[in-house]
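Here's the letter readout for the chains.
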Amino acid sequence: MLEKTKLLIGAYYLKKPIFAQIDELFQYIQDDGTITKENLTPIQIQFLEEQITKMKESYLQLEKEKPNVVHMTQEEFYQVFQNMIDRFYEEFNLTCERPNIQIVKHFPYPFEKANFKAMNFNEHQAQKYGCEQGIYLLEKYTAHGISEIMLAHELMHAVIGNRTPKEEQTSTAPFFEEATVDLLGLYFLLKYHFIDEICLQNWISFGRGNCDERCIGSLYFKEAKQMLWILKTGGIEEVKRLARKGQGFLAQFDMKDYFDKMVINPEDETTRKLISYYDYVFTNFNLNVTEYHVLSQLLQIEDGKTLDELDVPNMTKQELQNTIDQLIKKGLMYRYEEKFYNPNRAISDTIRITL
Ligand SMILES: [Zn+2]
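Keep in mind that this is a model prediction, so the values were computed, not measured.

Caption draft 1: Representation of the side chain of Gln 169 within the structure. Relative to the helices and strands, Gln 169 resides in the loop between helix H7 (147-162) and helix H8 (175-191). Accessibility expressed as a relative area gives 11% for Gln 169, which makes it buried.

Caption draft 2: The sheet that holds strand E2 (residues 118-121), seen in detail. Strand order in this open sheet of three strands is E1-E3-E2, and the pairing throughout is mixed. What marks the edges here is a single partner per strand, and that holds for strand E1 (101-104) and E2. Neighbouring strand axes in the sheet, compared pairwise and without regard to direction, differ in orientation by 20° on average. The strands that helix H5 (residues 74-91) touches are E1 and strand E3 (134-138); relative to E1, the one it contacts most, it runs at about 150°. Against the sheet, H7 touches E1, E2 and E3, its axis set at about 15° to E2.

Caption draft 3: Just empty space enclosed by the protein, in detail. Applying the stated criterion across every chain, the model contains one cavity of 30 Å³ or more. If you go around the largest cavity, the residues you meet are Leu 189, Leu 190, His 193, Ile 195, Asp 196, Glu 197 and Leu 200. Elements represented by at least two residues in the lining of the largest cavity include exactly H8 and helix H9 (197-207). Here the lining of the largest cavity is built from residues that sort into four nonpolar, one polar and two charged.

Caption draft 4: Quick look at H5. With 18 residues, H5 should reach 26 Å at 1.5 Å per residue; the first-to-last C-alpha distance of 26 Å fits that figure. All buried positions along H5 are accounted for by Phe 77, Val 80, Phe 81, Met 84, Ile 85, Phe 88, Tyr 89 and Glu 91. Along H5, the residues classed as buried sweep out an arc of 160° about the axis, all on the same side. A positive phi of about 50° marks Asn 93, the residue just after H5.

Caption draft 5: The packing of helix H3 (residues 42-65) against helix H13 (residues 289-297), seen in detail. Close contact between H3 and H13 brings their axes to 9 Å; oriented N to C, the two are set at 75°. Of the possible angle classes, the one that applies to H3 and H13 is roughly perpendicular. From H3, Ile 43, Gln 44, Gln 46 and Phe 47 reach across to H13, where they touch Val 289, Thr 290, Tyr 292 and His 293. Classifying every residue of the contact of H3 with H13 by side-chain character gives four nonpolar, four polar and no charged.

Caption draft 6: Spotlight on the pairing of E3. With five of five residues buried, E3 is to be regarded as a mostly interior element. The pairing of E1 with E3 spans four bridges and is classified as parallel. Among the inter-strand pairings, Gln 102 is bridged to a residue of E3, identified as Tyr 136. Pairing of E2 with E3 involves four bridges; the strand directions are antiparallel. Bridged to Asn 120 within E3 is Ile 135.

Caption draft 7: Layout of the layout of surface pockets. Reported here for the second largest pocket is a volume of approximately 260 Å³. Residue lining of the second largest pocket: 16 residues in total, with Met 1, Thr 5, Phe 77, Glu 139 and Thr 142 positioned closest to the centre. If you list the elements that add at least two residues to the lining of the second largest pocket, you get helix H1 (3-12), helix H4 (67-70) and H5. Considered class by class, the residues forming the lining of the second largest pocket number nine nonpolar, five polar and two charged. Both domains that furnish three or more residues to the lining of the second largest pocket are identified here as domain 1 (3-70) and domain 2 (74-282).

Caption draft 8: Representation of the pattern of salt bridges within the structure. One pass over the full model with this rule turns up 18 salt bridges. A salt bridge links Asp 86 to Arg 98, with the shortest nitrogen-to-oxygen separation between them at 3.0 Å. With Asp 86 in helix H5 and Arg 98 in the loop between H5 and E1, this residue pair connects regions lying 12 residues apart in the sequence. The exposure class assigned to Asp 86 is partly exposed, which follows from its relative accessible area of 32%. Assessed through its relative accessible area of 31%, Arg 98 is described here as partly exposed. With a shortest N-O distance of 2.9 Å, Lys 330 and Glu 291 are connected by a salt bridge. A residue pair is termed long-range when its members are at least 10 positions apart, and Lys 330 in the loop between helix H14 (317-329) and strand E6 (334-336) and Glu 291 in helix H13 qualify at 39 residues. Lys 330 gets classed as partly exposed once you look at its relative accessible area, which sits at 31%. Glu 291 gets classed as buried once you look at its relative accessible area, which sits at 4%.

Caption draft 9: The sheet that holds strand E5 (residues 301-305), seen in detail. With respect to topology, three strands assemble into an open sheet ordered E5-E7-E6, the strand pairing being antiparallel. A single partner strand is all that each edge strand has here, and the edge strands are E5 and E6. Taking the axes of each pair of neighbouring strands and ignoring which way they run, one obtains an average angle of 25° across the sheet. With three bridges connecting them, E6 and strand E7 (residues 339-342) associate as antiparallel partners. Its bridge partner being in E7, Tyr 336 is matched across the sheet by Lys 339.

What counts, and at which threshold
- Residues numbered from 1 in each chain as written.
- Predicted model: local features only at pLDDT ≥ 70, side-chain atom pairs only at ≥ 80, totals over all residues.
- Heavy atoms only, no water.
- Helix = DSSP H or I, 4+ residues; strand = E, 2+ residues; numbered from the N terminus.
- Buried < 20%, exposed > 50% of the residue type's maximum accessible area, 1.4 Å probe, protein only.
- Pairing = 2+ DSSP bridges.
- Axes fitted to C-alpha atoms, helices over the stretch in contact; angles between N-to-C directions.
- Contact = heavy atoms within 4.5 Å.
- 1 Å grid on protein atoms, 1.4 Å probe; cavity = no way out; pocket = protein on both sides within 12 Å on 5 of 7 lines; lining within 4 Å.
- Points joined across faces, edges and corners; volume = space filled by probe spheres on them.
- Nonpolar A, V, L, I, M, F, W, Y, C, P; charged D, E, K, R; others polar.
- Expected span 1.5 Å × (residues − 1).
- Arc of directions from axis to C-beta.
- Parallel < 35°, antiparallel > 145°, perpendicular 65-115°, else oblique.
- Domains from an automatic or database assignment.
- Salt bridge = Lys/Arg side-chain N within 4 Å of Asp/Glu carboxyl O.

Listed below in structure tokens is the structure:
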């Protein structure tokens, strides 16, 4: 197994997550687990190194406590995937042909170098790219707790695809469909206990839930806010009902047409959990690594300090001043009569970090 994959597994099983966007961090981690340091500031490098240490520890602990999680064979993976398909299709009473799942070394042309962990090719796309229809998982990132999340998302695309007449199929999925498949996929994973819940919480926190504007996942997540609202008011059955309507419907879905249709209030345990995981991430502060660095150095200044009294490693006074200004704007520090204050003793868990 690649060192990078071990770190990835470690990240998903972290008991105290890092709240930094995982795909963003992994762009700078090479297959052997080392960091590509070009274009990174010393503070970013330090942050990455700290996170890598945590991921390593988490992986080693998992390997000790649950070796079967770490060392799953391909046959075992296919068995889990089969069970997932059965459950997901049962939920929608689908008796149609099941999607083909393949663990591959490379995605089909022209996506050989794409930086995804999984892809789904519907009939329309398979024809366009001349490949086999179905779901592809990249072998090097196949890991229990991660692959299931990717597969759940793609499986839900397949379910929606199945509910969509061919003339309504689009070549890329509408964003609202992405939010729908994310949410339903996670719901079924939780409901049927396919993975450790910590992996799911981590995925929401530092996978989807922490994408910045540059990342396509941030669009999915914005749509997820609307979807969450539907889940809160209409329950999981309402989300399923929308999914059943297919891609064409989801492509032109408009929340405004929907406001007065909400009547029921959900409550099953799984829905409650999923809502709380999403809500948690939606209420987080967003910081970059430099702001995080300064904040962590300047905790617990109860009596106030002037800029000259403050010293943060790796920063000039001017950089420090600018960063403190940002933190003040975000409401995480305050200034009074030229003194800076931060009465907090710990960095709040509700912080999300981008490099
Ligand atoms: Zn998708």
